[in-house]
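One-letter residues, chain by chain:
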Amino acid sequence: MKEISIWKDTVNETNYQKLNEDKKVDVLIIGGGITGISTLYNLKDSNLKVILVEQNRLGMSVTGNSTGKLSYLQNDLLDKIRKCHNDEIASKYLKSQRHAIRMIKDTIKKENIDCDLEKVDSYLYTNKDNEIKKMEDLVKFLNNNGIETKNINNDIVDSKYMISVSDTYLFHPIKFIYGLIKNIKFPIYEQTSIKNITKEEDYYIAYTDKYKIKAQWIVMASHYPYFNLPYLFPIKSSLEKSYLSASKKDIDKISLISYSNPFISIRSYKDYLIYLSNSHTINKDTFDLENYQELMRKLNVLDVAPDYVWSNIDIITNDGIPYIGKIDDKLLIGTGYNTWGLASGFICGKILSDILLDKENSYIELFNPKRKGSLTILSGIKDAINSVDGYIKGYLDKNDNILYDKKDGKDVIIYDDGKEKHIVYQHCPHLGCKLLFNEIEKTWDCPCHGSRFDLDGKCISAPANKDITYK
Ligand SMILES: Cc1cc2nc3c(=O)[nH]c(=O)nc-3n(C[C@H](O)[C@H](O)[C@H](O)COP(=O)(O)OP(=O)(O)OC[C@H]3O[C@@H](n4cnc5c(N)ncnc54)[C@H](O)[C@@H]3O)c2cc1C
């Protein structure tokens, strides 16, 4: 079994050089996932001077760990938006997702991108009696928005009510973004991490370890923004994590999800069954082991063995709508996709490029990151408690191989894998929370905002942008 996503294992990594000098540009894009690359793609015919910098390699983070579905039937998300806002706003969101899927399909055709695109009906189901009424209500909402639904049966899951919609797709997310950069003239720099941004009179300066990038505009496409105040991201969102698997199985083409938690997401890819089960919110109660074991139990019931297992984390917004747009004068952001960021990330690229090029875009208001209703006092308090708890107390691992110590006056953790000792600093460089050891993936994970580090302390997932290796 490989501990890597099937998408990452079926492409060759890109190999762009590191930034090796100071730069002066019109637009700096930070992050090479679907958001950053789509923004770059949408600017490709402009006269602006644009560069993109990526901390690791393109597409290898959240985008490359997704399930690669393009669907507007997104669990109970439309109902969350209807509840937090109203039917009109939910209709606009639904329209944006269908629009994004059409745009992706047209782009794949126009750019001749080979990304294993397949048209498939998407299924949504529940096995809970108390959700049947909610799903019937959702069907009415979809029908009122001109979407035809069908009632169906499928025995791959135990369900009490299941519907399907058409005009949805499956693809290989990394091959798609590789296809987008094929004909782009703008420079891309990999293994180049932005550590800090300052605002000067009418421009920004972004700092790497060694170099400065002076930019008129910055597009923050780093998934979780690594700065906080005054934008309050930690209290405007939470993080959701799942384990996924891919197993060889002779199955028909399929795309299926459950209405609510415990989430199940299933899709076919060539002769593999991709299976996601059980999400959990990242906080002090880590459910990694439980959820991993539950995934293994479900695969066992299906009588399949995993060839690939990996995990993924996405940002959940309080009102179900992503944050796309201006958060400062010339600082743009695209994040908070509620586990549906392939379509939203692509349309984000179009919205942000339209803002940059001073063009109209009918979705700007919907996704406005400063909108009312995105910040609730309750969720703010909950997240603040989690963060403060993580900062002050930490959640000490009860693992015989782990020793907490002090070296040169700093808190360190020593992990003994039986062959050698790995020493890392105990606190996440993002906001100082104490790190937890992830038994399954052998990584150090931040329970507050999802940063991750390998055994020797190399940062493998933002928002942290520094290693924790003890030196
Ligand atoms: C389990 C799971 C399954 C999912 N499946 C689907 C699906 O089927 N369909 C769907 O539509 N969505 C899905 N999603 C959601 C989707 O994958 C994400 O919303 C989307 O990929 C986020 O893209 P991104 O570009 O914002 O982030 P990323 O892909 O993470 O890109 C951000 C990039 O920024 C870089 N970066 C970070 N900090 C810095 C820095 N300081 N300097 C330079 N670079 C930096 C990172 O290295 C990274 O490469 C899923 C999510 C989860 C958790």
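What you see is a predicted model, and the numbers here were worked out from it, not measured in a lab.

Quick question: what am I supposed to make of the site of the ligand here?
Surveying the vicinity of the ligand reveals 40 residues, the closest of which are Gly-31, Gly-33, Ser-66, Gly-341 and Leu-342. Residue assignment for the shell around the ligand shows that the elements contributing at least two residues are helix H2 (34-42), strand S11 (237-248), strand S15 (308-317) and helix H8 (341-356). For the shell around the ligand, the leading source of residues is H8, giving four residues. Split by residue class, the shell around the ligand holds 15 nonpolar, 22 polar and three charged.

What is the right way to look at the packing of H2 against H8 in this model?
Helix-helix packing is characterised by the crossing angle of the two axes and by the distance between the axes. At a closest axis distance of 7 Å, the pairing of H2 and H8 adopts a crossing angle of 40°. In this view, H2 runs oblique relative to H8, as classed from their interaxial angle. Crossing hand, H2 versus H8: right-handed. Between H2, through Ile-34, Thr-35, Ser-38, Thr-39, Tyr-41 and Asn-42, and H8, the contact on the second element is made entirely by Gly-341, Leu-342, Gly-345, Phe-346, Cys-348, Gly-349, Lys-350, Leu-352 and Ser-353. In terms of residue class, the contact of H2 with H8 is made up of six nonpolar, eight polar and one charged.

For this particular structure, what's the right way to read the pairing of strand S16 (residues 323-328)?
On any regular strand, side chains alternate: one points to one face of the sheet, the next to the other face. One ladder, built from five bridges, connects S16 with strand S17 (residues 331-335); its direction is antiparallel. Of the residues in S17, the one forming a bridge with Ile-324 is Gly-334. Hairpin connection, S16 to S17: the antiparallel pair is bridged by two residues.

It is not clear to me how the environment of Ile-264 should be interpreted in this structure. Could you clarify?
Here Ile-264 shows up in strand S13 (residues 264-269). Distance in space between the C-alpha atoms of Ile-264 and Ile-89 is 26 Å, their sequence separation being 175 residues. Once residues lying within four places of it in the same chain are set aside, the contact partners of Ile-264 are Val-157, Ile-257, Ser-258, Leu-276 and Ser-277.

In this structure, what is going on with the domain arrangement of the protein? I would like to understand it.
Accessible area lost when the parts come together is the quantity often used to give the size of an interface. On domain assignment, one finds that the protein holds domain 1 (8-65 + 175-233 + 320-378) and domain 2 (391-461). Between domain 1 and domain 2, the C-alpha centre-to-centre distance is 29 Å.

Would you mind showing me how to read the sheet that holds strand S19 (residues 410-416) here?
Sheet strands pair by backbone hydrogen bonding; their relative direction is either parallel or antiparallel. As summarised here, the arrangement of the three strands in space is S18-S19-S20, forming an open sheet in which the pairing is antiparallel. Each edge of the open sheet carries a strand with a single partner, namely strand S18 (402-407) and strand S20 (421-425). Along the sheet, successive strands turn relative to each other by an average axial angle of 30°, direction set aside. Pairing analysis gives six bridges linking S18 to S19, with the strands arranged antiparallel. Among the inter-strand pairings, Tyr-404 is bridged to a residue of S19, identified as Ile-413.

Mind showing me how you'd approach the nonpolar core here?
Among soluble globular proteins, nonpolar side chains are generally buried collectively. By size, the foremost hydrophobic cluster in this structure holds 116 residues, and its most contacted members are Val-27, Leu-28, Ile-29, Ile-30, Val-219 and Ala-343. With eight residues, H8 is the single largest residue contributor to this core. Residues lining this core come from more than one domain, with at least three contributed by each of domain 1 (8-65 + 175-233 + 320-378) and domain 2 (391-461). Aside from chain neighbours lying at most four places away, what touches Ala-343 is Leu-70, Gln-97, Ala-100, Ile-101 and Ile-104.

It is not clear to me how the environment of Lys-458 should be interpreted in this structure. Could you clarify?
Within the secondary structure, Lys-458 is located in the loop between strand S23 (452-454) and strand S24 (459-461). Remark: the alpha-carbon pair of Lys-458 and Thr-443, spanning 15 residues in sequence, is separated by 9.7 Å. Here Lys-458 is in contact with Phe-453, Asp-467 and Thr-469, once residues within four sequence places are set aside.

Conventions adopted
- For every chain, the first residue of the written sequence is number 1, and numbering continues from 1 onward in sequence order.
- This being a predicted model, a pLDDT of at least 70 is required before a residue's local features are given, and a value of 80 or more before pairs of side-chain atoms are given or counted; all residues contribute to the totals for chains, interfaces and linings.
- In this entry, near means the residue's backbone-placed C-beta atom lies within 6 Å of the molecule or strand.
- A run of DSSP states H or I qualifies as a helix once it reaches four residues; a run of E qualifies as a strand once it reaches two. Both are numbered from the N-terminal end.
- Under the scheme applied, nonpolar residues are Ala, Val, Leu, Ile, Met, Phe, Trp, Tyr, Cys and Pro; charged residues are Asp, Glu, Lys and Arg; polar residues are all the others, including Gly.
- Each axis is a line fitted through C-alpha atoms, taken for helices only over the stretch in contact, and angles between the N-to-C directions span 0 to 180 degrees.
- Roughly parallel refers to an angle under 35 degrees, roughly antiparallel to one over 145, roughly perpendicular to one between 65 and 115, and oblique to any angle outside these ranges.
- The sense of a crossing depends on the near helix, which, turned anticlockwise from the far helix by less than a right angle, makes the crossing left-handed and, turned clockwise, makes it right-handed.
- Contacts are defined on C-beta atoms placed from the backbone: any two residues whose C-beta positions lie within 7 Å are in contact.
- A pair of strands is considered paired only if DSSP assigns at least 2 bridges between the two.
- Domain delimitation follows an automatic or database domain assignment.
- We define a nonpolar core as a collection of buried residues of the types Ala, Val, Leu, Ile, Met, Phe, Trp, Tyr and Cys that are connected via C-beta atoms lying within 7 Å of each other.
- To sort residues by exposure, count the other C-beta atoms lying within 10 Å of each residue's C-beta; 20 or more gives buried, 12 or fewer gives exposed, and values between give partly exposed, all with C-beta atoms placed from the backbone.

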